[in-house]
Amino acid sequence: MRIYQFHFFDQRGRRPALDFADCRHDGEAARVAFGQLQQHASCEGVEVFEDDRLVMRLERGASAPDLARNAIHGA
């Protein structure tokens, strides 16, 4: 398991929320990020990091990550 950081941001670029999760790989972290974004109504998007590495940036209105295409490293 690896620890991923979820940095949520609003329309003004502020970061009102931060969360962490243990995930097996980037694909699982992407699914968690998508689900958590749905719960943070005041946030416009989320950036997912593993340590200093930016894994992905997800903005509200985007569809769920398509993990079947292996577009995410480690998926």
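Going by the structure above, here's the rest.
Now for a description of the structure that goes with this document. Bear in mind the structure is a predicted one, so any value in this text is a computation, not a measurement.

Remarks on the overall build of the chain
For the chain, the count of helices and strands is one helix and four strands. When the elements of the chain are put in sequence order from the N terminus, they spell out β-β-α-β-β. Within the span of the chain, comprising 75 residues, buried residues form 39% of the whole. Nonlocal contacts in the chain, meaning residues at least 24 apart in sequence, comprise 47% of its contacts between residues at least 6 apart. Total accessible area computed for the chain in this model is approximately 4700 Å², and 47% of it derives from carbon and sulfur atoms.

Section: the sheet that holds strand 1 (residues 2-9)
One open sheet accounts for four strands, arranged 2-1-3-4; its pairing is antiparallel. Each end of this open sheet is capped by a strand with a single partner; those strands are strand 2 (17-23) and strand 4 (53-59). Across the sheet, the axes of successive neighbouring strands diverge by a mean angle of 20 degrees, strand direction being ignored. Two elements, strand 1 and strand 3 (residues 45-50), share five bridges in a ladder whose sense is antiparallel. Bridge pairing in strand 3 links His7 to Glu47.

Let's talk about the side chain of Glu28
Along the chain, Glu28 turns up in helix 1 (residues 26-39). For Glu28, the residues in contact, after removing those within four places along its chain, are Asp22 and Cys23.

Here's the deal with the pattern of salt bridges
Enumeration according to the criterion identifies nine salt bridges in this entry. We note a salt bridge from Glu50 to Arg2, for which the minimum N-O separation is 3.5 Å. Of this pair, Glu50 sits in strand 3 while Arg2 sits in strand 1, and the two are 48 residues apart along the sequence. By relative accessible area, Glu50 is classed as buried at 13%. For Arg2, a relative accessible area of 30% corresponds to the partly exposed category. Salt bridges sharing common partners tie together Arg2, Asp26, Glu50 and Arg53.

Cut-offs and rules
- Residues numbered from 1 in each chain as written.
- Predicted model: local features only at pLDDT ≥ 70, side-chain atom pairs only at ≥ 80, totals over all residues.
- Heavy atoms only, no water.
- Helix = DSSP H or I, 4+ residues; strand = E, 2+ residues; numbered from the N terminus.
- Buried < 20%, exposed > 50% of the residue type's maximum accessible area, 1.4 Å probe, protein only.
- Contact = heavy atoms within 4.5 Å.
- Areas by Shrake-Rupley, 256 points an atom, 1.4 Å probe, with all protein chains shown as cover.
- Pairing = 2+ DSSP bridges.
- Axes fitted to C-alpha atoms, helices over the stretch in contact; angles between N-to-C directions.
- Salt bridge = Lys/Arg side-chain N within 4 Å of Asp/Glu carboxyl O.

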